[in-house]
Amino acid sequence: MRLLVLGGTSFLGRHVATAALDRGHDVATFTRGVSGSPPAGARALHGDRDDPAALPAALDGWPPDLVVDTSCQTRAAARNAAAALGGVRGYAFVSSLNAYATWPPGPIGPEDDEPTWLTDDDEYGPVKASAEREIGAALPGRFLTARAGLIAGPDDRVDRLGWWLRRIARGGRVVVPAEGWDQPIALVDVRDLAGWLVEMAEQGVPGAVNATGPTGMATYGGLLELCREVTGGDAEWVPVPEADLLAADVEPWLHLPLWLPAETARTAWDVDTTRARELGLPSRPLAQTVTDTWAWLRGVEELPPPPHGLPRPGLPPEREAALLASR
Ligand SMILES: NC(=O)c1ccc[n+]([C@@H]2O[C@H](COP(=O)([O-])OP(=O)(O)OC[C@H]3O[C@@H](n4cnc5c(N)ncnc54)[C@H](OP(=O)(O)O)[C@@H]3O)[C@@H](O)[C@H]2O)c1
């Protein structure tokens, strides 16, 4: 079938295009053409999805059967997709757990029990929630929204796991949070999510899905230990109490990626993924994700900037030095 990837030239979208090609689809990607090219075998359609004329023009002569939408970040993008693509057989949309008005801190129960944002501001969560409603209304019974948790794997420009891998590979004394070492966490490998999104679009499965790994598939400390194993570094953990990290302006999630203060972490990582499991979202062993991300990173000369203006994660060296000096 003709499968259109909205996005398709970086991280998740590129893996979606690859998975769709592997499954024998005739694949096109739709991007502005500034972030790179699609995988070989996919046709590259160009335009800005914020422009209402762009999608109809690009799809003239190539009407898709299926859509996987990885690139929706604005209300205009959602409106334009709803107007142009309401006739497809299956539409899998990439949303976020941030679509939930109560997350963080959560916890997140079954999809239909949890409220999503209804505000009309242009923040990330409200925009994803409104996009779900807008495009969903154009595709009754054929629209799936994957509310993704943390996505990791090769080609990840957001660089949260990547920063930990590089820092731990460098070795020496490494600041880690003293609390929350055993905190259960969950993430989804980009390749697992990509292949599954293609299958969901093929089957026209409707509804909302919390699209992440099973809670407890790993712990925070376990992930860091894995990073040390995979990189082979001599990193020595220097546990710093949460209160000291916060007093030193260490920003949770950003400066120590994936770290949340214990009180928030307890509920934020508690996400019901029963439906994802029922619908067959795979969850490969975390060791594979970490190993493959490290293999990819070692071949990267210069990491491109994170997408849509996200800041680069990681503990600024001077802040790390100050924290280590007193220990
Ligand atoms: N990373 C995470 O942990 C996480 C967690 C939850 C949800 N998510 C969601 O998962 C998705 C990740 O998608 P992704 O990895 O494929 O990358 P992405 O950075 O969101 O999307 C980038 C792709 O969209 C294209 N694009 C950007 N602006 C465009 C525009 N105005 N018109 C047309 N194309 C445009 C880019 O190509 P050009 O630049 O060439 O246009 C590129 O191919 C996002 O929707 C994100 O919100 C991510």
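Because the structure is predicted, anything quoted here is derived from the model rather than measured.

1. Topic: the sheet that holds strand S5 (residues 90-96)
Logical step 1: Read across the sheet, seven strands follow the order S3-S2-S1-S4-S5-S6-S11 without closing on themselves; strand pairing throughout is parallel. At either end of the open sheet lies a strand with only one pairing partner, and these are strand S3 (43-46) and strand S11 (207-211). The average angle at which neighbouring strand axes cross in this sheet is 20°, direction not considered.
Logical step 2: Two elements, strand S1 (residues 2-6) and strand S2 (residues 26-31), share five bridges in a ladder whose sense is parallel. Among the inter-strand pairings, Leu-3 is bridged to a residue of S2, identified as Val-27.
Logical step 3: Helix-sheet contacts for helix H3 (residues 75-85) involve S1, strand S4 (66-69) and S5, and the interaxial angle to S1 is about 170°.
Logical step 4: Strands S4, S5 and strand S6 (143-148) of the sheet are contacted by helix H4 (residues 124-138), whose axis makes an angle of about 165° with S5.

2. Section: the site of the ligand
Logical step 1: Around the ligand there are 33 residues in total, and Thr-9, Val-34, Ser-35, Thr-70 and Tyr-124 lie nearest to it.
Logical step 2: Here Tyr-124 contributes a side-chain N or O atom positioned 2.6 Å from an oxygen atom of the ligand.
Logical step 3: Lys-128 places a polar side-chain atom, nitrogen or oxygen, 2.9 Å from an oxygen atom of the ligand.
Logical step 4: Expressed as a share of its isolated accessible area of 910 Å², the protein-covered part of the ligand is 91%.
Logical step 5: If you list the elements that add at least two residues to the shell around the ligand, you get helix H1 (11-22), S2, S5 and H4.
Logical step 6: Its residues assigned to classes, the shell around the ligand shows eleven nonpolar, 16 polar and six charged.

3. So, the domain arrangement of the chain
Many structure descriptions define interface size as the accessible area lost when the parts assemble.
Logical step 1: Its domain assignment divides the chain into domain 1 (2-151 + 188-211) and domain 2 (156-187 + 216-262 + 284-325).
Logical step 2: Relative to domain 2, the C-alpha centre of domain 1 lies at a distance of 28 Å.
Logical step 3: In this assembly, domain 1 packs against domain 2 so that about 980 Å² is buried in total across both faces, 51% of it on carbon and sulfur atoms.
Logical step 4: Counting the contacts that link domain 1 with domain 2 gives three salt bridges.
Logical step 5: Between Asp-192 and Arg-284 there is a salt bridge, and its shortest N-O distance comes to 2.9 Å.
Logical step 6: On the surface where domain 1 and domain 2 come into contact, there are four residue pairs in polar contact (both at pLDDT 80 or more).
Logical step 7: Elements that contribute at least two residues to the side of domain 1 that touches domain 2 include exactly strand S10 (188-189) and helix H6 (190-203).
Logical step 8: Tallied by class, residues from the side of domain 1 that touches domain 2 come to four nonpolar, two polar and three charged.

The rules we used
Residues numbered from 1 in each chain as written. Predicted model: local features only at pLDDT ≥ 70, side-chain atom pairs only at ≥ 80, totals over all residues. Heavy atoms only, no water. Pairing = 2+ DSSP bridges. Helix = DSSP H or I, 4+ residues; strand = E, 2+ residues; numbered from the N terminus. Axes fitted to C-alpha atoms, helices over the stretch in contact; angles between N-to-C directions. Contact = heavy atoms within 4.5 Å. Near = heavy atom within 4 Å. Polar contact = N/O pair within 3.5 Å; in protein donor to acceptor, adjacent residues only side chain to side chain. Areas by Shrake-Rupley, 256 points an atom, 1.4 Å probe, with all protein chains shown as cover. Nonpolar A, V, L, I, M, F, W, Y, C, P; charged D, E, K, R; others polar. Domains from an automatic or database assignment. Buried area = accessible area lost by both parts, 1.4 Å probe. Salt bridge = Lys/Arg side-chain N within 4 Å of Asp/Glu carboxyl O.

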